[in-house]
Amino acid sequence: MCGITGYIGHRKAYPIVINGLKRLEYRGYDSAGVMMFDGDQMHLSKTKGKVSDLEEITNKETYRQEGNIGMGHTRWATHGVPNDINSHPHFSESGDLVIVHNGIIENYDTIKKELITRGYTFQSDTDTEVLVNLIEEVKKQEGCKLGKAVQIALTQVIGAYAIAVFDKTKPNEIIVARLGSPIAIGVGKDLGEFFVASDASPFIEFTKDAIYLEDEEMAIIKLGKEVKVRKIMDDSLVDANIQELQLSLEQIEKGGYDHFMLKEIHEQPKAIIDTYRGRMLADEGIIKMAGVDDNIEKFMNADRIIIVACGTSWHAGLVGEYLFEDMARVPVEVEYASEFRYRNPIITPKDVVIAISQSGETADTLAAIKLAKSKGAFVFGVCNVVGSSIARETHAGAYTHAGPEIGVASTKAFTTQITVLSLIALKLAKAKGTLSNSAFHMYLQKMQLIPSKVEKLLQIDNKVKEIASVYKDAKNCLYLGRGFNFPVALEGALKLKEISYIHAEGYPAAEMKHGPIALIDENMPIFVIATNKGHYEKVVSNIQEIKSRSGKIIAIVTEGDVTVKEIADHVIEIPDTEEALTPLLTTIPLQLLSYHIAVMLDKNVDQPRNLAKSVTVE
Ligand code: AGP
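Residues numbered from 1 in each chain as written. Predicted model: local features only at pLDDT ≥ 70, side-chain atom pairs only at ≥ 80, totals over all residues. Heavy atoms only, no water.

Considerations on the overall build of the protein
Right, so step 1: Within the protein, the secondary structure is distributed over 20 helices and 27 strands.
Right, so step 2: Its C-alpha atoms give the protein principal-axis dimensions of roughly 80 × 55 × 45 Å.
Right, so step 3: Once local pairs closer than 6 in sequence are excluded, the contacts in the protein between residues at least 24 apart make up 71%.
Right, so step 4: Taking the 68 positively charged and 83 negatively charged side chains of the protein as two groups, their mean positions are separated by 1 Å. (Helix = DSSP H or I, 4+ residues; strand = E, 2+ residues; numbered from the N terminus. Contact = heavy atoms within 4.5 Å. Lys, Arg positive; Asp, Glu negative; His and termini not counted. Charge placed at Lys NZ, Arg CZ, Asp CG, Glu CD.)

If you want it as structure tokens, here you go:
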């Protein structure tokens, strides 16, 4: 939920830390701070606001030119409002130790009270300041080195953390640790330098070698030496597994687009191909997915599939429900992970649970997985971020291969999740014999055409922009769809509200008459998905009902549509495909529409207020 970055080596630390924070800002952006060590003193700058606000402050500081050790933090507040004092880094009571932290220390209050009785004072309302003081107290009591003190302190805390800690009295090392929040160490092998970050993006131009800590591991990073990784609970040494990063600088830059969201919308044709590449062999009529192949019996014998996810991933899960039930004839339940984990759900070893998450770090989804595993269910992950917590926690899985998604509003994550779910549903349908051979082959051929159809749709951007300019000042919007496109209506509404702050509701089209119809008047824009095969006539009747109440209709129809064109105020045409694959197309104009409205309203598209890219707290 927050972004951590750090450096120890021979280079100037400041530019590495500050540029790293800019790349991690998607993780949280309500306050930011840096600590730079000049060889003698630690210099701290922190502020409420974005990394650019922090830079305005640090621009005046001479320490930018000094020092080869530094750490930084970009925050999404949990304990304590976003303000200058609550921003990280935090010093310990003596001023010797400094910490940056991503996560939550749940028992911070008990520890804080105990530390107060020992004379500690606190400047901020954060749990993080409690942790750095606990480390200091352990160090004092035990008379040990920083690494040992961090280890002992962490055995006393309950919660989640990724931390980096530095001690100015032993300025040749940084200690990092993780439980529930990711942390990566970039290894500049030849130069004995090290980078620390919540993900690898801050150090990608310096090294391709990275160590990802596992939960309950800590690392002692000593300048010019090798990294030592230990288990926090039993102090045993672990082999530091250095992985070669596949990430490129190009992937994490805007590449000429004004916003990451727009870049990611336009990346969808390629992202969908990357998702099915090597898996779907359309001409041979084969779908190969190791995670499914190796566990096909579990899928075949499942009494039901339970899909757990949050937000956009939950919407993709709803599309999955339609796909699995329609093609593979298996009952599916789609659950908000946050509700599922707390409502004592009935789960049996004959259930297959599919957890969907772009980041692979969403706390509620992770907790739902752990619950399902404890009840004996087989858990399959659909994640984008390779090596993420959810990818590791699940029994098997399939990556979406969408590439880094940096805009907070999910776009390519959604379409690639649907692509993976379509492949699994088709594969299962074939194995179960619930779909004829010819239908299976037909779907594969049609799936192969989807990327070029998305490409074609992206070319109507100007038309969507025009529609956006007409409705940008709306106060409320309604999104309607049926069948496979009901989840797309929900997703369209979520996209609009999260980046433009316009209130929007998604509904199954036929439900409109059970309540939302009361909202309709001449000021209400209603986005209706009315593709030619999806209960078309029924949706046309819904459109008539809206029209007779003076609502403004923006319809998404199949190319060549005649009927809706005559009634709607605006139509956007999508290329023809099978109904089950239409969500991959109908969602594109809705993403573009939300994007353009947000830009026209001068909103921060990539970093909407109050949100963060991965929600690692409950
Ligand atoms: C999507 O636009 C959102 N910002 C959000 O709903 C997101 O989909 C949700 O938090 C789940 O994230 P995940 O896919 O990384 O688990």
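Remarks on the sheet that holds strand E12 (residues 217–222)
Right, so step 1: Read from one edge of the open sheet, 7 strands run E5-E6-E7-E8-E12-E13-E14, paired in antiparallel fashion. A strand with exactly one partner marks an edge of an open sheet, and here the two such strands are strand E5 (90–91) and strand E14 (237–238).
Right, so step 2: Each of E5, strand E6 (97–105) and strand E7 (159–167) touches helix H4 (residues 127–142); the most contacted strand, E6, lies at about 125° to it. (Pairing = 2+ DSSP bridges. Axes fitted to C-alpha atoms, helices over the stretch in contact; angles between N-to-C directions.)

What to know about the sheet that holds strand E10 (residues 193–197)
Right, so step 1: Reading across from one edge, E3-E2-E4-E1-E10-E9-E11-E15 is the order of the 8 strands in this open sheet, with antiparallel pairing throughout. Two strands lie at the open edges of the sheet, namely strand E3 (42–48) and strand E15 (242–244), each paired on one side alone. Mean inter-strand twist for the sheet, computed between neighbouring axes without regard to direction, equals 20°.
Right, so step 2: As judged from the 7 bridges shared by strand E2 (residues 31–37) and strand E4 (residues 69–75), these two strands associate in the antiparallel manner. For Phe37, the partnering residue across the bridge sits in E4 and is Ile69.
Right, so step 3: This element, helix H1 (residues 13–24), spans strand E1 (3–8), E2, E4 and E10 of the sheet and lies at about 160° to E1.

Let's talk about unusual backbone geometry
For residues other than glycine, phi is negative in most cases, and the peptide bonds are mostly trans.
Right, so step 1: The amide bond that connects His88 to the next residue, Pro89, takes the cis arrangement and shows omega of -5°.
Right, so step 2: Positionally, Pro89 belongs in the loop between E4 and E5.
Right, so step 3: Phi is positive for Asp235, which is not a glycine, with a value near 65°.
Right, so step 4: Mapped onto the secondary structure, Asp235 falls in the loop between strand E13 (228–231) and E14.
Right, so step 5: At Tyr501, a position not held by glycine, the phi torsion is positive, near 65°.
Right, so step 6: Mapped onto the secondary structure, Tyr501 falls in the loop between helix H17 (486–500) and strand E24 (503–508).

Focus on the site of the ligand
Right, so step 1: Residues in close proximity to the ligand total 13 residues, the closest being Ser313, Ser357, Ser359, Thr362 and Glu498.
Right, so step 2: In the environment of the ligand, an oxygen atom lies 2.6 Å from a nitrogen or oxygen atom belonging to the side chain of Ser313.
Right, so step 3: Contacts to the ligand include Thr362, whose side-chain N or O atom sits 2.4 Å from an oxygen atom.
Right, so step 4: Within the complex, the protein chains bury 92% of what would otherwise be the 410 Å² of accessible surface of the ligand.
Right, so step 5: Mapped by element, the contributors of at least two residues to the shell around the ligand are helix H10 (311–328) and H17.
Right, so step 6: The dominant element in the shell around the ligand, judged by the number of residues it contributes, is H10, at 3 residues.
Right, so step 7: Grouping the amino acids of the shell around the ligand by side-chain chemistry returns 3 nonpolar, 8 polar and 2 charged. (Near = heavy atom within 4 Å. Polar contact = N/O pair within 3.5 Å; in protein donor to acceptor, adjacent residues only side chain to side chain. Areas by Shrake-Rupley, 256 points an atom, 1.4 Å probe, with all protein chains shown as cover. Nonpolar A, V, L, I, M, F, W, Y, C, P; charged D, E, K, R; others polar.)

Regarding the pairing of strand E8 (residues 173–179)
Right, so step 1: Taking burial as the measure, the 7 residues of E8 include 7 buried ones, the bulk of the element.
Right, so step 2: Alignment of E7 against E8, held across 5 bridges, turns out to be antiparallel. Bridge assignment links Ile163 to a residue of E8, and that residue is Ala177.
Right, so step 3: In this structure, the hairpin formed by E7 and E8 is closed by a connection of 5 residues. (Buried < 20%, exposed > 50% of the residue type's maximum accessible area, 1.4 Å probe, protein only.)

Quick look at the packing of helix H14 (residues 412–432) against helix H15 (residues 437–458)
Right, so step 1: Following both chains from N to C, one finds H14 and H15 inclined at 160°, their axes separated by 10 Å at the closest point. When the interaxial angle is binned, H14 and H15 end up roughly antiparallel. Crossing of H14 against H15: the hand is left-handed. Residues Thr419, Ser422, Leu426, Lys427 and Lys430 of H14 touch H15, and the partners they reach there are Asn437, Phe440, Tyr443, Leu444 and Met447. (Parallel < 35°, antiparallel > 145°, perpendicular 65-115°, else oblique. Left-handed = near helix turned anticlockwise from the far one by under 90°.)

Some remarks on the domain arrangement of the protein
Right, so step 1: Assigned domains within the protein: domain 1 (3–251), domain 2 (254–458) and domain 3 (460–604).
Right, so step 2: With centres defined by C-alpha atoms, the gap from domain 2 to domain 3 works out at 25 Å.
Right, so step 3: Counting residues at the interface gives 36 residues for domain 2 and 31 residues for domain 3.
Right, so step 4: Taken as a group, His315, Tyr322 and Leu457 account for 22% of the area that domain 2 buries against domain 3, more than any other trio of residues on that side.
Right, so step 5: Between domain 2 and domain 3 we count 2 salt bridges in total.
Right, so step 6: For Glu559, the salt bridge identified is with Lys456, shortest N-O distance 2.9 Å.
Right, so step 7: Counting across the domain 2 and domain 3 interface gives 12 residue pairs in polar contact (both at pLDDT 80 or more).
Right, so step 8: Contributions of two or more residues to the side of domain 2 that touches domain 3 are made by helix H6 (260–266), helix H7 (268–276), H10, H14 and H15.
Right, so step 9: Residue composition of the side of domain 2 that touches domain 3, grouped by class: 21 nonpolar, 10 polar and 5 charged. (Domains from an automatic or database assignment. Buried area = accessible area lost by both parts, 1.4 Å probe. Salt bridge = Lys/Arg side-chain N within 4 Å of Asp/Glu carboxyl O.)

As for the packing of aromatic side chains
Right, so step 1: For the structure shown, the criterion picks out 10 aromatic pairs.
Right, so step 2: Judged by centre distance (5.9 Å) and plane angle (80°), the rings of Phe299 and Phe378 are edge-to-face. Of the two residues, Phe299 sits in helix H9 (residues 296–301) while Phe378 sits in strand E21 (residues 378–383), which places them 79 residues apart along the sequence.
Right, so step 3: Given the relative accessible area of 1%, Phe299 is considered buried.
Right, so step 4: A ring pair is formed by Trp314 and Tyr336, whose centres lie 3.9 Å apart and whose planes are at 10°; its orientation type is stacked. Of this pair, Trp314 sits in helix H10 while Tyr336 sits in strand E19 (residues 332–336); the two residues are 22 residues apart in sequence, bridging distant segments of the chain.
Right, so step 5: The buried category is assigned to Trp314, whose relative accessible area is 11%.
Right, so step 6: You can call Tyr336 partly exposed: its relative accessible area is 40%. (Phe/Tyr/Trp six-rings, centres within 6.5 Å; stacked < 30°, edge-to-face > 60°.)

Comments concerning helix H12 (residues 363–374)
Right, so step 1: Look at H12: 17 Å from first C-alpha to last across 12 residues, which is about the 16 Å you get at 1.5 Å a residue.
Right, so step 2: If you check which residues of H12 are buried, you get Ala363, Asp364, Thr365, Leu366, Ala367, Ala368, Ile369 and Ala372.
Right, so step 3: Looking at the buried positions of H12, the neighbouring elements they touch are strand E18 (304–309), helix H11 (337–340), strand E20 (351–357), E21 and helix H13 (389–393).
Right, so step 4: Immediately downstream of H12, the backbone of Gly376 shows phi near 90°, a positive value. (Expected span 1.5 Å × (residues − 1).)

Comments concerning the environment of Thr117
Right, so step 1: Residue position: Thr117 is located in helix H3 (residues 108–117).
Right, so step 2: Looking at Thr117, its side chain comes within polar contact range of the main-chain oxygen of Glu114, at 2.5 Å.

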